[in-house]
Amino acid sequence: MIEIKNLHAKVAGREILKGINLTVKAGEVHAIMGPNGSGKSTLAQVLSGHPAYEVTDGQVIFEGQDLLDMEPEERAHAGVFLAFQYPVEIPGVSNSYFLKAGLNEIRKSRGLEELDSMQFLKLLKEKMKVVEMDSSFINRPVNEGFSGGEKKRNEILQMAVLEPKLAILDETDSGLDIDALKIVAQGVNKLKSPSNATIVVTHYQRLLNYIIPDFVHVLVNGKIVKSGGKELALELEANGYDFVKEELMQTT
Amino acid sequence: MVEVTKHYVSEFQAFEKNGARNAPAWVHDLRKDGLTIFNQLGFPTTKQEEWKYTNVTPIAKGTFKYSGSAVTIDDEVIKNFLLDGVEQFVLTFVNGHFVPEQSQTNGLPEGVIVQNLINAYAAQENIIQENLSRYATHQKNPFTALNTAFINDGAFIHVPAHIAVEKPIHLLFLSTKNVNDQSASYIRNLIVVEEGAKANILLSYRSAGEHRNLTNSVTEVIAKKDSAVEVVKVQKESESAFHIDNFHAHQHETSDVRVFSLALGGAIARNDMSVIIDGEAAECNLNGLYIVAGEQLIDHHTFMHHIHPNCPSHELFKGILTDNARAVFNGKVYVESEAQKTDSKQTNRNLLLSDTAIVDTKPELEIFADDVKCTHGAAVGGMNESHSFYLKTRGITEESAKGILTVGFAAEATSKIVHPALRRHVDLLVVEHLREKLHSASLPDIVHA
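(A) Looking closely at the sheet that holds strand 6 (residues 80-83) of chain A. Residue and element names in this part refer to chain A. Taken in spatial order, the six strands of this open sheet run 6-9-10-3-11-12, and their pairing is mixed. In the strand order of this sheet, the two ends are held by strand 6 and strand 12 (223-228), each with one partner. With direction set aside, neighbouring strand axes in the sheet form an average angle of 20°. Bridge count for strand 9 (residues 166-170) against strand 10 (residues 197-202) is five bridges, and the pairing is parallel. Within the sheet, the bridge partner assigned to Ile 168 lies in strand 10 and is Ile 199.

As structure tokens, this is what we get:
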């Protein structure tokens, strides 16, 4: 589905990603773990096309297309979705209008007919069940006054509506209590299928108790330094990131 | 200034001789007083702090003529300015003169008076005399003084105690080309909402055609104990017109007053909006939206006066500017020493869509009580990049994102209007105006429902 080769990127003149290599196939869940400042969120932002990040080297092929050559909205049309670590509040724009606009642009780009208000509302209500969201959120301005947990649920609701091929969850567990975490994780699991893939970016192992990854990668200082199965996450939880760093020191 | 005011002295003499004679004697005295004060004050200059950013020389230089009588406007034209598909009570004025044929007040609850001032004197003189010019003092404001000199017609609304008028009362003030190009309309409104009563009022200032006129309007609203009043003002006059409005609300205890100012038209438009919260636990929401383009200048000066304890007041004014337009927002909040537990919030946010548009925004807080919560904030900037990026990651194109965020920026302000029909009316006007001014037919209709 996605192939990241030797990806280098910098922000504000500072190099953050220093040669990332990662391949994710359909049906897989990959977790990217790492200490603060290792470049996890940068990777998520670069993949979604944030203009503040400059790619200086490398390649990203998504479904046969050069992802880095595409605008953020074109990436969304192609099926990339980023669940934000800090979803922005947009006063004046209702959640439902926002989602309908996004969905219809994606449908249009794929030659599908746009949904009218009635059709969309029906779909939205169905999808809201996935994340156990109250219908009062439909007409509230996007994320405005939402709690941390509500914002994250809203991200997963958007993912449910837009049905991406590749979902990148950026620190979706941060700021969530255990109940909210379970609901968010269940939502993600319900949306999982053999034809889509998920990249879970997280600092803590906690989320991975509920979203079981097929692969775990450890990102340190802008590079993936270790990859393994789900047991790697437990190892990190038990020993901290220092053990990976120590291992690195020994091998180099 | 003598040369300038001379024109208005001769105008005044003609005015008092012509048709305006039939007012009660005390109105004549009031007018004379207004003229005397105007002569003393003259037009304001940018040397005065209150007028620092708004130069009214084009108004002072123009010899605007009082238009003696109403001009007939086609019903079809009038229809364009009404609330679409909504039952409403309407008083129509053209160039300041009442047009009974295009007014409709059938079905008002018993005892409610919605009349033009001239016709109201006969039965309502006492209440008019008690309140008119009581709050809109003309001692310091030359435009209020000039308006007072030319007090003739406008709307008089009286809602008796414990009566709710749910349907909007629409006061439509149209300006149109008169015999001469530069006509002056003086509008004077008095709105009294008694104890426990409720009213929703739309003040529309609109132009039929493009012309350089002067509208000078003064409105006084008195909200008695426990009353609830929502006033929405829509100003979309001709873009070469001058619009000066002095709006005064006087609140008694536990009253709830909401005011919204939508300012779209005029070459120079100045809105002085003052609220005196003169009673405990009264609440005021004073909000507005201005959209300025071309060479326009739109100025809002607000004044929130807290006298008593436990009163919340909220102000949100937003502006969208493009081309070489200018906007001024000056928000004064005055909290007297008795007004403990005041909760006052003021926000002014401006979206600049060109490099050459200018905003002057200034909060002015004077607080003499020690146990209060008073906040203010002002922001001026371009399109929010993080908002735009968020929308794009959901598949929304750059162009659409811009449109949605612009309409959304405006909608945050208009969402403060509570009456659904009034809000809808304002939202439609906003989008229509934005499409025209931003040359973007693709702007979405509504982004909040």
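(B) Focus on helix 2 (residues 25-41) of chain B. Here helix 2 of chain B is 17 residues long and its end C-alpha atoms lie 25 Å apart, about the 24 Å a rise of 1.5 Å per residue gives. One or two residues past the end of helix 2 of chain B sits Gly 42 of chain B, with phi positive at roughly 65°.

(C) Region of the structure containing the sheet that holds strand 4 (residues 53-62) of chain A. All names here are of chain A. The strand order across the open sheet formed by four strands is 2-1-4-5, and the pairing between neighbours is antiparallel. Sheet topology places strand 2 (14-24) and strand 5 (65-66) at the edges, where each strand pairs with a single neighbour. Taken together, the eight bridges between strand 1 (residues 2-11) and strand 4 define a ladder with antiparallel strand orientation. Note that in strand 4 the partner of Ile 4 across the bridge is Val 60.

(D) Examining unusual backbone geometry more closely. All names here are of chain B. Phi at Asp 323 is positive, roughly 55°, even though this residue is not glycine. On the secondary structure map, Asp 323 appears in the loop between strand 16 (312-321) and strand 17 (326-335). The phi angle at His 439 is positive, at roughly 50°, despite the residue not being glycine. Assignment of secondary structure puts His 439 in the segment after helix 9 (420-437). Look at His 439 and you get exposed, because 9 C-beta atoms sit within 10 Å.

Calculation criteria
- Residues numbered from 1 in each chain as written.
- Chains lettered and ligands numbered in written order.
- Predicted model: local features only at pLDDT ≥ 70, side-chain atom pairs only at ≥ 80, totals over all residues.
- Pairing = 2+ DSSP bridges.
- Helix = DSSP H or I, 4+ residues; strand = E, 2+ residues; numbered from the N terminus.
- Axes fitted to C-alpha atoms, helices over the stretch in contact; angles between N-to-C directions.
- Expected span 1.5 Å × (residues − 1).
- Buried ≥ 20, exposed ≤ 12 C-beta atoms within 10 Å, placed from the backbone.

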